Amino acid sequence: MTAVRRAASLLCATLVVLAGAGQAHATGYRYWSFWERTGGHWTYATQGPSTARPDDGAVEGFRFAVSADSADANRPRGAADFGTICAGTPARSGTKRVALVLDFGTPADAPSGETPPARRTACARVSADATSAEALAAVAPPLRYDTNALLCAIAGYPKKGCGEQMSASSGGKSPEKSGGSDDGGSDDGPSLGLPIGAGAVAALAGAAAWQARRRRDGSA
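Residues numbered from 1 in each chain as written. Predicted model: local features only at pLDDT ≥ 70, side-chain atom pairs only at ≥ 80, totals over all residues. Heavy atoms only, no water.

J.: Looking at this structure, how should I read the side chain of Thr 131?
T.: In this fold, Thr 131 is placed in the loop between strand S5 (120–127) and helix H3 (132–139). Beyond its immediate sequence surroundings of up to four residues, Thr 131 is in contact with Pro 49, Ser 50, Ala 52, Arg 53 and Pro 54. (Helix = DSSP H or I, 4+ residues; strand = E, 2+ residues; numbered from the N terminus. Contact = heavy atoms within 4.5 Å.)

Here's what the structure looks like:
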């Protein structure tokens with residue numbers, strides 16, 4: 001019975017670790033994510049807006065939400081077509097036009113006491129070498145940054161806070177993440193915690209049975 005008790009203890013320890021991992025996975029951050037429109041789909045930008053230099057005709061998006069990381073982030077919602085957004089802004093020599101989608105998120109992701117403004121689009125006409133941050137500043141002031149140059153607010157929203165850590169008990173994520181729609185939430189990747197955890201529990205259970213059988217056979 002000693003082997004069975006030992007295996008049971010290992011099972012309990014594994015379940016405690018898995019519970020802790022589940023809590024860690026629920027932790028996220030409230031921030032503005034930066035997106036680029038590529039081939040009709042949103043992709044998470046590989047550069048920050050202060051270094052990215054979009055071409056004329058580019059479509060970029062900003063989304064405020066609670067997200068754990070780039071794979072978990074919600075994309076900007078709604079239509080995002082350059083021809084529609086910049087229809088009233090004709091081309092001009094020496095400048096470029098950048099279509100911007102500004103999605104202020106949902107009430108579930110809003111800081112306490114604040115209400116997110118309605119989603120809107122804008123066409124920024126800026127110098128040919130302007131960054132995405134400069135294009136954003138041209139159409140959605142005031143912007144707010146922290147001391148590490150992290151974008152904290154667009155058009156004054158939110159009024160305070162910047163990339164603060166959140167957890168399921170303190171507000172969690174927006175409930176929109178059903179995954180799939182290109183103009184809604186992002187596609188959820190598989191959660192590896194549950195399959196790995198189930199496999200570990202199954203392996204430990206098998207080890208317990210094997211050890212118990214060995215002891216019975218040895219004592220026979």
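J.: What exactly am I supposed to notice about the environment of Gly 161 here?
T.: Relative to the helices and strands, Gly 161 resides in the loop between strand S7 (151–153) and strand S8 (165–166). Gly 161 gets classed as partly exposed once you look at its relative accessible area, which sits at 33%. (Buried < 20%, exposed > 50% of the residue type's maximum accessible area, 1.4 Å probe, protein only.)

J.: Could you clarify how one ought to interpret unusual backbone geometry in this entry?
T.: For residues that are not glycine, phi is negative in most cases, and the peptide bond is trans in most cases. Cis geometry is adopted by the peptide bond preceding Pro 142, which originates at Pro 141 and carries an omega value of -5 degrees. Assignment of secondary structure puts Pro 142 in the loop between H3 and strand S6 (144–145). Each neighbour pair has its own omega, and for Tyr 157 with Pro 158 the value is -5 degrees, a cis peptide bond. Relative to the assigned elements, Pro 158 resides in the loop between S7 and S8. Its identity is not glycine, yet Ala 149 carries a phi of approximately 65 degrees, on the positive side. Turning to its location among the elements, Ala 149 is positioned in the loop between S6 and S7.

J.: Just checking my understanding: could you explain the state of the cysteines for this structure?
T.: Disulfide: a covalent bond connecting the sulfur atoms of a pair of cysteines. Throughout the structure, instances matching the rule amount to two disulfides. Between Cys 86 and Cys 123 runs a disulfide, and the two sulfur atoms are separated by 2.1 Å. The sign of the S-S torsion, about 105 degrees, decides the handedness of the disulfide formed by Cys 86 and Cys 123: right-handed. With Cys 86 in the loop between helix H2 (82–85) and strand S4 (95–103) and Cys 123 in strand S5, this residue pair connects regions lying 37 residues apart in the sequence. The pair formed by Cys 86 and Cys 123 is uniform in burial state, with each residue classed as buried. (Disulfide = S-S within 2.5 Å.)

J.: So what exactly am I meant to see when it comes to the packing of aromatic side chains here?
T.: Two descriptors summarise a pair of aromatic rings, namely the distance from one centre to the other and the angle between the planes of the rings. Overall, the coordinates contain six aromatic pairs when judged by the stated rule. Measuring from centroid to centroid gives 4.9 Å for Phe 34 and Phe 62, while their planes differ by 20 degrees, and the two rings are stacked. Of this pair, Phe 34 sits in strand S1 (residues 28–38) while Phe 62 sits in strand S3 (residues 58–67); the two residues are 28 residues apart in sequence, bridging distant segments of the chain. For Phe 62, a relative accessible area of 1% corresponds to the buried category. With centroids separated by 5.1 Å and ring planes inclined at 75 degrees, the aromatic side chains of Trp 35 and Tyr 44 adopt a geometry described as edge-to-face. (Phe/Tyr/Trp six-rings, centres within 6.5 Å; stacked < 30°, edge-to-face > 60°.)

J.: Is there a simple way to think about the nonpolar core in this case?
T.: If you look at soluble globular proteins, the nonpolar side chains tend to sit buried side by side. Formed by 20 residues in total, the largest nonpolar core has its most connected members in Trp 32, Phe 62, Leu 100, Leu 102, Leu 136 and Ile 154. Elements with a contribution of two residues or more to this core: S1, S3, S4, S5 and H3. When residues in this core are grouped by element, the largest group, three residues, is from S4. Beyond its immediate stretch of four places on either side in the chain, Ile 154 contacts Trp 32, Phe 62, Leu 102, Phe 104, Leu 136, Ala 140, Pro 142 and Leu 143. With 12 residues, the next largest nonpolar core counts Val 59, Ala 80, Phe 82 and Val 101 among its residues. (Core = buried A, V, L, I, M, F, W, Y, C linked by side-chain atoms within 4.5 Å.)

Take it as geometry only, folks, not as evidence of what the structure does.
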